[in-house]
Amino acid sequence: MALSADTLYKLVIMHMLNKVEFPLTNTQIAQFFLEEEYTNYFNVQKALTELIEDDFVFLNVNRNTSYYHLTSEGRESLKFFENRIPGSMIDDVDMFLINNKYELRNEVGIVADYYRVSNGDYVVHCQVKEGDSTLIEVNVATPDRNIASKMCAAWEDKDRSQEIYQYIIGKLTK
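Just so you know, these numbers come straight off a predicted model, no measurement behind them.

Draft legend 1. Up close: the environment of Ile 90. The topology assignment puts Ile 90 in helix 5 (residues 87–109). Relative accessible area serves as the criterion here: at 18%, Ile 90 is assigned to the buried category. Separated by 26 residues in sequence, Ile 90 and Arg 116 place their C-alpha atoms 44 Å apart. In this structure Ile 90 touches His 15, Glu 82 and Ile 85, once residues within four positions along its chain are discounted.

Okay, here's the thing in structure tokens:
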């Protein structure tokens, strides 16, 4: 029995998430489908929504960026049905991940967000992650929301966050 296109897209998304050691963003997942011309953006969004509803994928939203993780239920389901994905699509996914792994990891490895605390200040939470490991985590308080937003944007500039990380490591190891 042939798979429906919707089911195939879901399996491919789960395969992608299973192959990497970090979450993928909505943009990264859609990029694969659009570059390979497998389907349009709306079908990808529909597949992602249904995967979340079925508890096969977990969604984490941070500052308007959606991060997708494969759940244990999704991993188990994939084991049973992954062999139904055409080999050519598996090869395309694998090549996409190999060719873009550094960029994909960097995009999700640098995280910045802010939140309001009880005294009215904002705390800016900045992180650099590599896989499941946190290389650095910094929390900075500021009384102004605009400054908090600017600090997050500055941290998300990978060159700037790397420079700050190297500065802190240098100061701590002297």
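Draft legend 2. Representation of helix 6 (residues 145–156) in the model. Taking 1.5 Å as the rise per residue, helix 6 with 12 residues should run 16 Å; its terminal C-alpha atoms sit 17 Å apart, in good agreement. Along helix 6, the residues that are buried comprise Ala 148, Cys 152, Ala 154 and Trp 155. Within helix 6, the buried residues cover an arc of 165° as seen down the axis, which keeps them to one side. Facing away from the buried side of helix 6, by more than 90 degrees, are the exposed residues Asn 146 and Lys 150. The N-cap of helix 6, judged by a side-chain oxygen 2.9 Å from the amide nitrogen of Asn 146 a few residues on, is Asp 144.

Draft legend 3. Fine view of the pattern of salt bridges. Tallied over the entire structure, the rule returns five salt bridges. A salt bridge links Asp 6 to Lys 46, with the nearest nitrogen and oxygen atoms 2.8 Å apart. With Asp 6 in helix 1 (residues 5–19) and Lys 46 in helix 3 (residues 41–53), this residue pair connects regions lying 40 residues apart in the sequence. Residue Asp 6 is classed as partly exposed on the basis of its relative accessible area of 28%. A salt bridge links Glu 50 to Lys 10; the shortest N-O distance between them is 2.7 Å. Residue Glu 50 is located in helix 3, and its partner Lys 10 is located in helix 1; the two are separated by 40 residues in the primary sequence. A relative accessible area of 22% places Glu 50 in the partly exposed class. You can call Lys 10 buried: its relative accessible area is 17%.

Parameters and conventions
Residues numbered from 1 in each chain as written. Predicted model: local features only at pLDDT ≥ 70, side-chain atom pairs only at ≥ 80, totals over all residues. Heavy atoms only, no water. Helix = DSSP H or I, 4+ residues; strand = E, 2+ residues; numbered from the N terminus. Buried < 20%, exposed > 50% of the residue type's maximum accessible area, 1.4 Å probe, protein only. Contact = heavy atoms within 4.5 Å. Expected span 1.5 Å × (residues − 1). Arc of directions from axis to C-beta. Polar contact = N/O pair within 3.5 Å; in protein donor to acceptor, adjacent residues only side chain to side chain. Salt bridge = Lys/Arg side-chain N within 4 Å of Asp/Glu carboxyl O.

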